[in-house]
Amino acid sequence: MRTHQILQLAAASALSVRAAYTWQNVRIGGGGGFTPGIVFHPTSSGVAYARMDIGGLYKLNAGDDSWTPVTDTIADSSNWHNWGVDAVALDPQDDAKVYMAVGMYTNDWDPSNGSIMRSSDQGATWESCDLDFKVGGNMPGRGMGERLAVDPANSDIIYFGARSGNGLWKSTDGGASFSQVESYTAVGTFIADATDTYGYSNDIQGLAWVTFDSTSGTTGGATSRIFVGTASLDESVFVSEDAGSTWTAVDGQPTGYLPHKGRLQPDEGALYLTYSNGSGPYDGTDGSVWRYEIEAATWTDITPVSGDSLYFGFGGLGVDMQNPGTLVVASLNSWWPDAQLFRTNDSGATWSPIWEWTSYPSMDYYYGMYTDKAPWINAGFVSQDTKRLGWMIETLEIDPLDGDHWLYGTGLTVFGGHDLTNWDTTHNITIEVLADGIEEMSVQQVVSVPGGSELLAAVGDDSGFTFASASDLDTSPETPWMTPMFTTSGSVDYAGNSVDSVVRIGNEEGDYMVALSSDGGVSWSIDYATDTSMYGGSVAYSADADTVLWSTSNAGVVRSQYQSSFVAVSSLADSSVIASDKSDNSYFYAGSGSTFYVSSDIAASFSEGGTLDSASEIRDIVTHPDNAGEMYVSTDVGIFSSTDYGSSFTAVSGDVTGTYHIALGVGSSDYILYAFGTGSSGSRLYASADGGSSWTDIQGDQSFGAVNTCVVAGSMNEAGQVYVGTNGRGAFYAQGTVGGGSGGGSTTTTTSATSSSVATTSTTSKSSTSPVTAEESTASTATPTTISTSATTATTTSATSTSTELASHWGQCGGVSWTGPTECGDGYTCTYQNDYYSQCL
């Protein structure tokens with residue numbers, strides 16, 4: 001394999017102008033996506049990494065409760081797949097060295113082959129060994145692992161278990177090059193779905209993990225015994241006793257399941273394994289846990305449950321290196337009622353669960369849960385769903401130097417704590433959200449509202465979030481977009497003449513996928529004008545907030561006025577790009593292919609507007625926030641502008657072409673035009689303060705992934721501030737000055753205060769001695785550890801309900817702007833969750 005170096009601070013060829021923008025994450029907090037793997041260093045305290053399927057690698061900070069991204073400069077538009085991390089390995093002899101296998105997909109969604117990347121300074125800089133095949137950081141089975149491992153006796157030797165039938169690979173030069181291990185022939189032939197025509201689920205899963213037996217001595221300077229787990233329902237665990245020269249299937253092993261994890265406990269001389277009948281992270285309806293005593297060559301089934309209680313596979317496996325015989329295993333997916341964790345102190349002879357049924361539907365919780373670092377996780381998930389402990393638990397790790405410190409990854413966040421051994425004594429532990437610093441949101445759209453909410457962020461998996469003012473950007477929100485809460489909010493827009501009026505759409509078929517807000521995105525209500533068959537796409541709101549235009553994913557372009565039923569707009573093609581004029585309520589705009597369309601009758605009908613020269617694809621339309629009829633249009637050949645309602649267009653001068661998402665934002669004296677496109681510094685983010693005559697590279701050394709998946713919004717309230725939404729690293733913001741003269745429009749900048757209808761808040765600190773729980777644990781023998789939490793108290797008054805109805809169990813019963821029932825049915829109490837949500841518990 002060929003080798004080349006990537007310096008983390010290396011820049012592309014410089015523009016004539018590069019602005020000094022410093023980028024930082026908008027603090028949504030809590031992670032927000034799937035964490036398939038966490039790895040602790042075996043001998044250095046506090047050294048650990050968490051890998052993401054689409055968001056790169058994070059390093060644990062001092063204090064063990066926050067993270068720093070270490071791959072933020074190695075995933076630009078040409079190598080965006082570097083944010084798909086399929087495996088991580090640390091050098092047991094050198095805590096500065098870290099390795100990762102990167103690549104997003106093994107099908108044609110990712111055109112590039114994968115790489116094994118290495119760092120000798122804990123991720124500050126990286127070098128890369130390019131592979132001749134693909135790596136699948138976001139493919140099925142990505143939670144198995146780890147597929148990379150460094151020989152504990154020889155730092156030059158590294159093994160990698162590949163996907164797609166590519167077998168086992170080995171490096172003898174510290175990761176500079178890899179060659180295939182020809183003697184290893186068990187390539188792992190399991191296929192999740194052979195009928196899948198997209199190539200996502202029909203690929204061979206390959207090898208699952210590599211584990212060295214550090215107790216086995218050495219052969220030729222390398223560890224003698226090596227175990228490899230493969231994705232196979234037949235013989236799946238293989239061993240070499242001669243440092244990888246020959247391989248055999250381990251005698252007597254279980255079959256019928258896939259081995260997700262294989263962890264060595266050297267003091268016991270035992271290999272522990274978790275199995276599932278699916279490769280994960282979403283599937284698995286049966287499984288087991290096994291202990292293999294290496295010297296005796298005996299297998300013992302130590303599965304914690306059986307019969308009707310076993311309806312899931314097992315994934316996460318934490319082995320306590322300080323206390324031999326102690327381990328924790330996790331259900332891979334127990335979709336109802338919750339995940340289950342089991343702990344043993346006697347090598348699996350007996351187990352203790354983290355919760356138990358009392359009499360249905362009541363449970364005893366042997367833990368307290370805290371979401372202080374990301375309050376929205378409680379408001380939108382823990383308090384709304386039976387799945388409090390999470391789902392997709394493929395990684396669960398106990399700090400090898402501290403048996404009290406543990407972490408586990410879910411499809412939403414990273415949980416963990418610092419009192420795990422209390423499980424054995426008081427039978428009550430503290431579980432916290434410990435994903436501070438991890439931002440793995442897939443951001444679908446970012447919008448800044450002039451005189452209104454500073455940032456509206458529509459995201460995948462977690463609905464979306466409102467940041468009322470710039471001062472809120474570094475505070476994790478109290479709540480996501482709820483009532484309704486779409487799994488993914490695909491698009492959001494505001495009404496230019498009524499800035500507190502906001503509309504968003506969701507991406508799931510089978511429910512009402514339009515929501516409206518009259519308070520800038522603080523609270524929402526379902527727009528029942530739609531039916532349950534339409535979903536996805538993009539949305540535009542008329543200037544006076546009376547008409548919604550929706551370019552759906554599956555039903556063409558539809559329109560609703562005054563919340564009447566959505567009807568088809570026959571004059572527009574499916575999947576048209578749409579936008580509303582922000583000043584003139586009568587006008588909407590659209591693009592399909594190379595044709596631009598204009599409506600002057602509030603989107604009832606459209607006709608062709610001006611031509612866009614040689615453009616063949618209209619990609620985005622942004623309308624001026626103040627000037628009616630003024631807009632910019634992004635195309636495959638660059639940007640065009642119009643000041644006459646799209647009747648005619650002028651090609652924007654300058655050297656940025658092939659643009660994607662574009663935006664306007666306030667500058668020091670005029671509006672700044674932002675564009676993702678190709679300029680003299682390559683494919684990246686540029687800004688112009690003179691209407692596109694000259695451009696400045698404002699992305700600098702920050703990676704945003706592929707430019708065609710990024711979204712951008714200029715702040716409409718903070719001069720020079722700009723927002724970027726990425727596919728996997730959340731939302732970023734930066735503020736700076738862009739050179740250039742006038743030319744971005746005749747309107748001067750006015751920085752508006754936050755709308756008075758958005759509740760202002762004051763933040764106080766309180767000491768919390770009770771966890772965030774849906775029901776109190778009735779079997780706890782000790783109070784969970786006291787944790788300092790941040791409580792936000794609204795200074796505005798909630799609307800008074802006039803309803804005489806009683807809210808049902810789990811139903812909403814209060815919160816800012818809530819007008820429904822405020823009392824609960826018999827046996828339930830209206831319990832405060834956050835300023836915007838109280839619930840009958």
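Parameters and conventions
- The numbers attached to residues start from 1 for each chain and follow its sequence in the written order.
- This being a predicted model, a pLDDT of at least 70 is required before a residue's local features are given, and a value of 80 or more before pairs of side-chain atoms are given or counted; all residues contribute to the totals for chains, interfaces and linings.
- Side-chain descriptors were evaluated using all non-hydrogen atoms of the structure, hydrogens and water having been removed beforehand.
- The secondary structure listing takes helices from DSSP runs of H or I that are at least 4 residues long and strands from runs of E that are at least 2 residues long, numbered from the N terminus.
- Relative accessibility decides the category of a residue: with a 1.4 Å probe and only protein chains considered, values under 20% of the type maximum give buried, values over 50% give exposed, and everything between is partly exposed.
- In what follows, residue pairs with any heavy atoms lying within 4.5 Å of each other are defined as contacts.
- Every accessible area reported is derived by Shrake-Rupley at a probe size of 1.4 Å, with residue values counting cover from the shown protein chains alone.
- The term salt bridge refers to a side-chain nitrogen of Lys or Arg lying within 4 Å of a carboxyl oxygen of Asp or Glu.
- Whether two strands pair comes down to DSSP finding at least two bridges between them.
- Only the contacting stretch of a helix is used when fitting its axis, a line to C-alpha atoms as for every element, and angles between N-to-C directions run 0 to 180 degrees.
- Under this definition, polar contacts are N or O atom pairs within 3.5 Å; protein pairs additionally need one hydrogen-donor-capable and one acceptor-capable atom, and for neighbouring residues in sequence, both atoms have to be side-chain atoms.
- Residues counted as positive are Lys and Arg, residues counted as negative are Asp and Glu, and His and the chain ends are not counted.
- Each Phe, Tyr or Trp ring (for Trp, its six-membered ring) is paired with any other whose centre lies within 6.5 Å, and the angle between the two planes then decides the class: stacked below 30 degrees, edge-to-face above 60, tilted in between.
- Charge-over-ring contacts are defined here by two conditions on Lys NZ or Arg CZ: a distance within 6 Å of the ring centre and an angle within 35 degrees of the ring normal.
- Residues enter a nonpolar core if they are buried and are Ala, Val, Leu, Ile, Met, Phe, Trp, Tyr or Cys, with the set joined through side-chain atoms within 4.5 Å.
- By definition, no residue in a patch forms a salt bridge, and every one has over 30% relative accessible area; like charges are joined within 9 Å, nonpolar side chains (Val, Leu, Ile, Met, Phe, Trp, Tyr) within 5 Å.
- Note: pLDDT gives the predictor's confidence per residue, expressed from 0 to 100.

**Structural notes on the overall build of the protein**
- Check the secondary structure of the protein and you find one helix and 66 strands.
- Split into buried and exposed, the 841 residues of the protein put 63% on the buried side.
- Pairs at least 24 apart in sequence give 55% of the contacts found in the protein among residues at least 6 apart.
- Entry remark: accessible area of the protein is about 28,300 Å², with carbon and sulfur atoms responsible for 46%.

**A short note on the pattern of salt bridges**
- With the rule as written, the count across this model stands at 20 salt bridges.
- Put simply, Arg-142 and Asp-53 hold a salt bridge, and the shortest N to O gap is 3.0 Å. Here the residue Arg-142 occupies a position in the loop between strand 10 (126-130) and strand 11 (148-150), and Asp-53 occupies one in the loop between strand 4 (48-51) and strand 5 (57-60), the gap between them amounting to 89 residues. Note on accessibility: Arg-142 and Asp-53 belong to one class, buried.
- Across the pair Lys-387 and Asp-385 runs a salt bridge whose closest N-O atoms are separated by 3.1 Å.
- Salt bridges sharing partners connect three or more residues here, namely Asp-213, Arg-225, Glu-241 and Glu-295.

**So, the pairing of strand 31 (residues 367-370)**
- Residues of strand 31 alternate between two faces, with Tyr-367 and Met-369 on one and Gly-368 and Tyr-370 on the opposite face, all of them buried.
- Summarising the sheet, strand 31 and strand 35 (residues 429-433) pair through four bridges and their orientation is parallel. Residue pairing across strands places Tyr-367 opposite Ile-429, the latter belonging to strand 35.

**Some remarks on the sheet that holds strand 40 (residues 498-506)**
- The strand order across the open sheet formed by four strands is 39-40-41-42, and the pairing between neighbours is antiparallel. Edge positions in the open sheet fall to strand 39 (489-495) and strand 42 (525-526), since each of these has one partner strand only.

**Brief notes about the sheet that holds strand 33 (residues 406-409)**
- Across the sheet, five strands lie side by side as 31-35-34-33-32; this open sheet has mixed pairing. The strands lining the two open edges of the sheet, one partner per strand, are strand 31 and strand 32 (395-398). Strand-to-strand twist in this sheet, taken as the mean axis angle between neighbours without regard to direction, amounts to 20°.
- In terms of strand pairing, strand 32 meets strand 33 through four bridges, oriented antiparallel. Of the residues in strand 33, the one forming a bridge with Thr-395 is Gly-409.

**Some details on the side chain of Thr-410**
- Note on placement: Thr-410 falls in the loop between strand 33 and strand 34 (414-417).
- In terms of polar contacts, Thr-410 uses its side chain to reach the backbone amide nitrogen of Thr-413, at 2.9 Å.
- Excluding residues that lie within four positions of it along the chain, Thr-410 makes contacts with Gly-33, Phe-34, Thr-35, Leu-389, Gly-390, Trp-391, Met-392, Ile-393 and Phe-415.

**Overview of the side chain of Lys-134**
- Turning to its location among the elements, Lys-134 is positioned in the loop between strand 10 and strand 11.
- One buried charged residue, Lys-134, forms no salt bridge at all, with the nearest opposite charge on Asp-110 at 5.9 Å.
- A polar atom in the side chain of Lys-134 sits 2.9 Å from the backbone oxygen of Asn-107.
- Within the structure, the side chain of Lys-134 is placed 2.6 Å from the backbone oxygen of Asp-110, a separation counted as a polar contact.
- Beyond its immediate chain neighbours, meaning those up to four positions away, Lys-134 contacts Tyr-105, Thr-106, Asn-107, Asp-108, Asp-110, Pro-111, Ser-112, Asn-113 and Gly-114.

**Notes on the packing of aromatic side chains**
- A complete count under the given rule lists 36 aromatic pairs for this structure.
- With a centroid separation of 6.4 Å and an interplanar angle of 25°, the aromatic rings of Tyr-587 and Tyr-589 are classed as stacked.
- The buried category is assigned to Tyr-589, whose relative accessible area is 0%.
- Among the aromatic residues, those joined into a ring-pair cluster are Tyr-21, Trp-23, Phe-676, Phe-704 and Phe-732.
- Of note, Arg-504 hangs over the ring of Phe-486, and the distance from its end group to the ring centre comes to 4.7 Å.

**A look at the nonpolar core**
- Of all hydrophobic cores here, the largest spans 60 residues; its most connected members are Leu-341, Ile-354, Trp-376, Leu-389, Trp-406, Tyr-408 and Ile-431.
- In terms of residue count, helix 1 (residues 375-382) provides more of this core than any other element does, four residues in total.

**Topic: unusual backbone geometry**
- Cis peptide bonds are those with omega within 30 degrees of zero, and the linkage from Trp-336 to Pro-337 qualifies with -5°.
- Residue position: Pro-337 is located in the loop between strand 26 (327-331) and strand 27 (341-344).
- Unusually for a residue other than glycine, Ile-602 sits at a positive phi of about 55°.
- Assignment of secondary structure puts Ile-602 in the loop between strand 49 (595-599) and strand 50 (607-608).
- You can call Ile-602 buried: its relative accessible area is 18%.
- Its identity as a non-glycine residue notwithstanding, Ala-603 has a phi of 70°, on the positive side.
- Considering the arrangement of structural elements, one finds Ala-603 in the loop between strand 49 and strand 50.
- What makes Ala-603 buried here is its relative accessible area of 0%.

**Considering a nonpolar patch on the surface**
- A surface patch of nonpolar side chains, amounting to about 390 Å² of accessible area, comprises Trp-336, Trp-357 and Tyr-360.
- Structurally, the position occupied by Tyr-360 is in the loop between strand 29 (355-357) and strand 30 (363-365).
- Its relative accessible area of 60% is what places Tyr-360 among the exposed residues.

**Overview of the pairing of strand 35**
- For strand 35, a buried count of five out of five residues is recorded, marking the element as mostly surrounded by other parts of the structure.
- Burial along strand 35 is two-sided: the face carrying Ile-429, Ile-431 and Val-433 and the face carrying Thr-430 and Glu-432 are both buried.
- Here strand 34 runs beside strand 35; their pairing, made up of two bridges, is antiparallel. Bridged to Gly-416 within strand 35 is Glu-432.

**Looking at the confidence of the model for the protein**
- Taken as a whole, the protein shows an average pLDDT of 89; of its residues, 87% reach a score of 70 or greater.
- Within the model, pLDDT remains below 50 along residues 1-16, and this stretch shows 51 contacts once partners closer than five positions in the same chain are excluded.
- Predicted confidence is poor over residues 741-803, with pLDDT under 50, and the contacts of this stretch with residues over four places away or in other chains come to 157 contacts.

**Brief notes about the environment of Gly-114**
- On the secondary structure map, Gly-114 appears in the loop between strand 8 (94-102) and strand 9 (115-119).
- Take Gly-114: its relative accessible area is 2%, and that puts it in the buried class.
- When the C-alpha atoms of Gly-114 and Gly-84 are compared, they prove to be 9.5 Å apart, with 30 residues separating the residues in sequence.
- In contact with Gly-114, not counting residues within four places along its chain, are Val-102, Asp-130, Leu-131, Phe-133, Lys-134 and Val-135.

**Describing the environment of Arg-27**
- In this fold, Arg-27 is placed in the loop between strand 2 (24-25) and strand 3 (37-40).
- Residues Arg-27 and Asp-474, 447 residues apart in the sequence, show an inter-C-alpha distance of 4.8 Å.
- If we ignore the near neighbours within four places in the chain, the residues touching Arg-27 are Asp-436, Glu-439, Phe-467, Leu-473, Asp-474, Thr-475, Ser-476 and Pro-477.
- At 2.5 Å, the side chain of Arg-27 forms a polar contact with the side chain of Asp-436.

**Topic: the environment of Ala-468**
- Inspection of the secondary structure puts Ala-468 in the loop between strand 38 (464-467) and strand 39.
- Between the C-alpha atoms of Ala-468 and Ser-448, which are 20 residues apart in sequence, the distance is 9.7 Å.

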